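What follows is the residue order along each chain.
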Amino acid sequence: MPNASHVLDRVLVLEMVRVTEAAAIAASSLIGRGDEKAADAAAVEAMREALNQLYMDGTVVIGEGERDEAPMLYIGEKVGSAIGKGPKIDIALDPLEGTTITAKAGPNALAVLAVAEEGNLLNAPDVYMDKIAVGPGYPQGVIDLNKTPTENVEAIAAAKGVKPSEIIACVLDRPRHEKLIAELRGIGCGIMLIPDGDVAGVIATSDPDTTIDVYMGQGGAPEGVLACAALRCVGGQFQGRLVFRNEDERARAAKWGIEDLDKIYSLDELAKGDCIFAATGVTDGSLLAGVKRVRGKMTTESVVMRASSGTVRWVKGEHRVD
């Protein structure tokens, strides 16, 4: 278990929940309205405003994109009310993980945030990442990206003491996963296909109630870092390898200091040291209930975790509607 950070004060743990709550509430007014960009913009603006109220010298290391692509919460943006004098904190965020889900009023949309001391979160470029993740309780090394999906499922099943056909994998429902899905179904493995939101998909492996044993497939690299921050707090294993589709994406990786393009990253390499992970539900999902509007108030459900203590807090909030 990592040592408690002298920078990540206990007060900051609950402050992070206020930040994700603000983003989730802002996005909730656009649930089912069919406008992904508007929902995302509302969440971004609310999260930025909330971050700027905190006493810290924060740097966004994973955000909405590079500066020329994102007007707010771009990679490298400084946030906080004590820039130059407060504690230096790196921030990975996704103000609305599941923009399409929100626009269509689907399940599992979240406002997500992870913070750590400066230099402890991988500055992942906005490219795809091959991912595999399992929850706690397995022997170290049970998963390996260099092995086939079949070999990984067999290893997980053996460690769990069940048949491969009793394993359930979570996979993003994308055309790029056709071969993966066919291979898994070929060995009788159950598959939970999700339309979006692979941060929630990875975290689901740590919760027995979801019945998900393993997460597999390609998703966003930034989301991989966010998910790793959560797994650092609750236990589990993760491996990720960046996927580059063209020279432009390779150049982007070089810009962020990534030299070994074929490197397989472990959990501890993506999110090191003490870190805090917070998420608030926007729409109802397996992890959290979504924002509800009831008689002049709004209710939220959030989770906040800290790696150094292994503490997981579930926070229900009631917010007056002015």
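Residues numbered from 1 in each chain as written. Predicted model: local features only at pLDDT ≥ 70, side-chain atom pairs only at ≥ 80, totals over all residues. Heavy atoms only, no water.

### Some points on the side chain of Asp57
And then number 1: Secondary-structure assignment places Asp57 in strand β1 (residues 57-62).
And then number 2: On the accessibility criterion, Asp57 (3% relative accessible area) is buried.
And then number 3: A polar atom in the side chain of Asp57 sits 3.2 Å from the side chain of Lys88.
And then number 4: Each residue touching Asp57, except ones within four places of it in the same chain, is listed here: Lys78, Val79, Ala82, Ile83, Gly84, Gly86, Pro87, Lys88 and Ile89. (Helix = DSSP H or I, 4+ residues; strand = E, 2+ residues; numbered from the N terminus. Buried < 20%, exposed > 50% of the residue type's maximum accessible area, 1.4 Å probe, protein only. Polar contact = N/O pair within 3.5 Å; in protein donor to acceptor, adjacent residues only side chain to side chain. Contact = heavy atoms within 4.5 Å.)

### Some details on the pattern of salt bridges
And then number 1: Tallied over the full model, the rule gives 16 salt bridges.
And then number 2: Salt-bridge contacts for Arg18 lead to Glu15; the nearest nitrogen and oxygen are separated by 3.0 Å. Note that Arg18 and Glu15 are positioned in helix α1 (residues 10-28) at a spacing of three residues, about one turn of the helix.
And then number 3: Residue Glu301 is joined to Lys316 by a salt bridge in which the shortest nitrogen-to-oxygen separation is 3.1 Å. Of this pair, Glu301 sits in strand β13 (residues 297-306) while Lys316 sits in strand β14 (residues 311-320), and the two are 15 residues apart along the sequence. (Salt bridge = Lys/Arg side-chain N within 4 Å of Asp/Glu carboxyl O.)

### Describing the pairing of β14
And then number 1: With ten bridges joining them, β13 and β14 adopt antiparallel strand pairing. Within β14, the residue paired with Thr299 across the bridge is Glu318.
And then number 2: Hairpin connection, β13 to β14: the antiparallel pair is bridged by four residues, and Gly310 has positive phi, about 70°. (Pairing = 2+ DSSP bridges.)

### Description of the sheet that holds strand β5 (residues 128-134)
And then number 1: Pairing is mixed in the open sheet, where six strands are placed in the order β7-β6-β8-β5-β9-β10. In this open sheet, the two edge strands, each paired with only one partner strand, are β7 (190-194) and β10 (264-266). Ignoring strand direction, the axes of neighbouring strands in this sheet form an average angle of 20°.
And then number 2: For strand β9 (residues 237-243) and β10, the ladder comprises three bridges, and the chain directions are antiparallel. Note on β10: the bridge partner recorded for Arg241 is Ile264.
And then number 3: Set on the sheet, helix α5 (residues 178-186) makes contact with β6 (168-172), β7 and β8 (214-220); between it and β7 the angle comes to about 150°. (Axes fitted to C-alpha atoms, helices over the stretch in contact; angles between N-to-C directions.)

### Describing the nonpolar core
And then number 1: Membership of the largest hydrophobic core comes to 49 residues, with the highest contact counts inside it found for Phe238, Leu242, Leu270 and Phe277.
And then number 2: Of all the elements, helix α7 (residues 221-234) adds the most residues to this core, at nine residues.
And then number 3: Aside from chain neighbours lying at most four places away, what touches Leu242 is Pro125, Val127, Tyr128, Met129, Ala221, Ile258, Leu261, Lys263 and Tyr265.
And then number 4: Counting residues in hydrophobic clusters, the runner-up holds 38 residues, among them Val17, Val60, Val79 and Ala111. (Core = buried A, V, L, I, M, F, W, Y, C linked by side-chain atoms within 4.5 Å.)

### Here we look at the environment of Tyr74
And then number 1: Examined against the element boundaries, Tyr74 turns out to sit in the loop between β1 and β2 (78-79).
And then number 2: Classification of Tyr74 by relative accessible area gives buried; the value is 14%.
And then number 3: Between the C-alpha atom of Tyr74 and that of Thr299, which follows or precedes it by 225 residues, the distance is 29 Å.
And then number 4: Among all residues touching Tyr74, those that are not within four sequence positions of it are Val60, Gly65, Glu66 and Arg67.

### As for unusual backbone geometry
Negative phi characterises most residues that are not glycine, and trans characterises most peptide bonds.
And then number 1: Phi is positive for Ala105, close to 60°, though the residue is something other than glycine.
And then number 2: In this structure, Ala105 sits in the loop between α3 (99-104) and β4 (110-117).
And then number 3: Given the relative accessible area of 46%, Ala105 is considered partly exposed.
And then number 4: Of note in this structure, Thr211 is not a glycine but carries a positive phi near 65°.
And then number 5: Along the chain, Thr211 turns up in the loop between α6 (198-204) and β8.

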